[in-house]
Amino acid sequence: MKQRIFSGIQPSGTLHIGNFLGAVKNWVALQEKYESIFCVVDLHAITVPQDPEELRQKTLELAKIYLAAGVNTQESTIFVQSQVPEHTELAWILNTITKISELERMTQFKDKAKEQHQNSNAGLFNYPVLMAADILLYDTNVVPVGEDQLQHVELARTLAKRFNQQFGETFVVPEPFVVKEGMRIMGLDDPSKKMSKSAASEFNYIALTDSPEKIREKIKRAVTDSGKNIRYADDKPAIKNLINIYSLLDNVKPEEVENIYKGKSYSEFKADLAEVIVDFLTNFQEKYDKIDDKDVLNLLNEGKEKAKKLAEKKMAEVREKVGFLM
Ligand code: ATP
Ligand code: LTN
């Protein structure tokens, strides 16, 4: 029996190469070895205000991105979170065994609440519980995510163990999976913070939809470190980040990139890096443009049915254990 992986991305903002390298690329690499379920987490997206029409559009676009990135729906399941209501039902139940102090400790909540200034909403606070429900509903063994999500996966583990202890063996305790170099792609304009779709400036990230001209411009403007050498070192965070991007997109080791550019200038390296990204994204965008919306809707429908079957079975077990009338 193959082990199962589950992961998801929110259909909000513009997807960037950080999301791709930190998440989707690993999914594609793992999908042969694991039985895979990839979710478009629209319920998570509404923890910040969304325009309804735009949310619907982004949900479809994100599913297309999964496909263009190489998710193989012969083997893997893709579906939309809100179409399987068991996610919210389990989230409610898990809320009742989650401590407020556990949620107060979550870095992402603290950061996002700060951005929203006064009175952030309760959904943002409970966000990690819904994520735990996503994971636990499917007896997930492994959760491939970027480093920023490790704290949330840790909560899912805690809740699985706590529920099992209180109500008897029910949930698989999931393991997180992160790839070292991909785990944190940093902002091009500020290598001390992660590349982020909610960044103030578009020069922070390369969007998956950026044109070749835009990519070249953004890489040209990316900040570099003091010194002249292309060195892969912790005291050169800007260059290290650019080498990581090159290395992950071109499938060469960071040390090899360092070797190739020994004695060369930042501008030579940057010019080549821009072309590596352009090649990669041109190819990606061609695949994306060929995908028909109708086909995606069909695949999402099939995915929904598959996910529902698993989720309904697990929830029947949960309801029984918690003591609801059957
Ligand atoms: P925001 O940047 O607005 O906080 P986000 O880019 O983190 O949002 P999510 O939908 O929360 O978007 O994340 C999708 C996936 O991409 C997650 O697995 C996350 O860990 C990963 N990810 C996001 N940003 C990066 C990054 N800079 N480097 C590596 N992985 C990332
Ligand atoms: N919170 C995650 C998205 C997410 C997720 C999940 C990831 C929601 N549910 C379940 C893995 C497993 C994020 O990337 N921001």
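For the structure, check the block above.
Predicted model, so just to flag it, every value in this text is computed and none were measured.

(A) How the structure looks around unusual backbone geometry. Residue D139 is not a glycine yet carries a positive backbone phi of 50°. Inspection of the secondary structure assignment puts D139 in the loop between α7 (122-136) and β4 (142-144). In this structure, N251 takes a positive phi of about 55° despite not being glycine. The topology assignment puts N251 in the loop between α10 (237-250) and α11 (254-260). Since its relative accessible area comes to 63%, N251 is described here as exposed.

(B) Spotlight on the side chain of N164. Positionally, N164 belongs in helix α8 (residues 150-167). Only 2.8 Å separates the side chain of N164 from the backbone nitrogen of F171, close enough to count as a polar contact. Setting aside chain neighbours within four positions, we find N164 in contact with E169, T170, F171 and V173.

(C) Broad picture of the packing of helix α6 (residues 107-115) against α7. One way to put it is that α6 packs onto α7 with a least axis distance of 10 Å and a crossing angle of 165°. Regarding the angle of α6 to α7, the classification is roughly antiparallel. Crossing angle aside, the handedness with which α6 passes α7 is right-handed. For the pair formed by α6 and α7, the contact residues are Q108, F109, K112 and A113 on the first element and L124, F125 and Y127 on the second. Of the residues belonging to the contact of α6 with α7, the class tally is five nonpolar, one polar and one charged.

(D) Structural detail: the pairing of strand β3 (residues 77-80). Every second residue of β3 is oriented toward a common face, with T77 and F79 on one face and I78 and V80 on the other, all of them buried. Sheet topology note: the strand β2 (residues 35-40)/β3 ladder contains four bridges and is parallel. Note on β3: the bridge partner recorded for I37 is T77.

(E) Summary view of α6. Within α6, burial applies to Q108, F109 and A113. Angularly, the buried residues of α6 cover 125° about the axis, an arc narrow enough to put them on a single face. When the buried face of α6 is taken as reference, the exposed residues oriented beyond 90 degrees from it are K114 and E115. Turning to α6, the residues buried within the fold contact α5 (100-104), α7 and α8.

Quick notes on the rules
Residues numbered from 1 in each chain as written. Chains lettered and ligands numbered in written order. Predicted model: local features only at pLDDT ≥ 70, side-chain atom pairs only at ≥ 80, totals over all residues. Heavy atoms only, no water. Helix = DSSP H or I, 4+ residues; strand = E, 2+ residues; numbered from the N terminus. Buried < 20%, exposed > 50% of the residue type's maximum accessible area, 1.4 Å probe, protein only. Polar contact = N/O pair within 3.5 Å; in protein donor to acceptor, adjacent residues only side chain to side chain. Contact = heavy atoms within 4.5 Å. Axes fitted to C-alpha atoms, helices over the stretch in contact; angles between N-to-C directions. Parallel < 35°, antiparallel > 145°, perpendicular 65-115°, else oblique. Left-handed = near helix turned anticlockwise from the far one by under 90°. Nonpolar A, V, L, I, M, F, W, Y, C, P; charged D, E, K, R; others polar. Pairing = 2+ DSSP bridges. Arc of directions from axis to C-beta.

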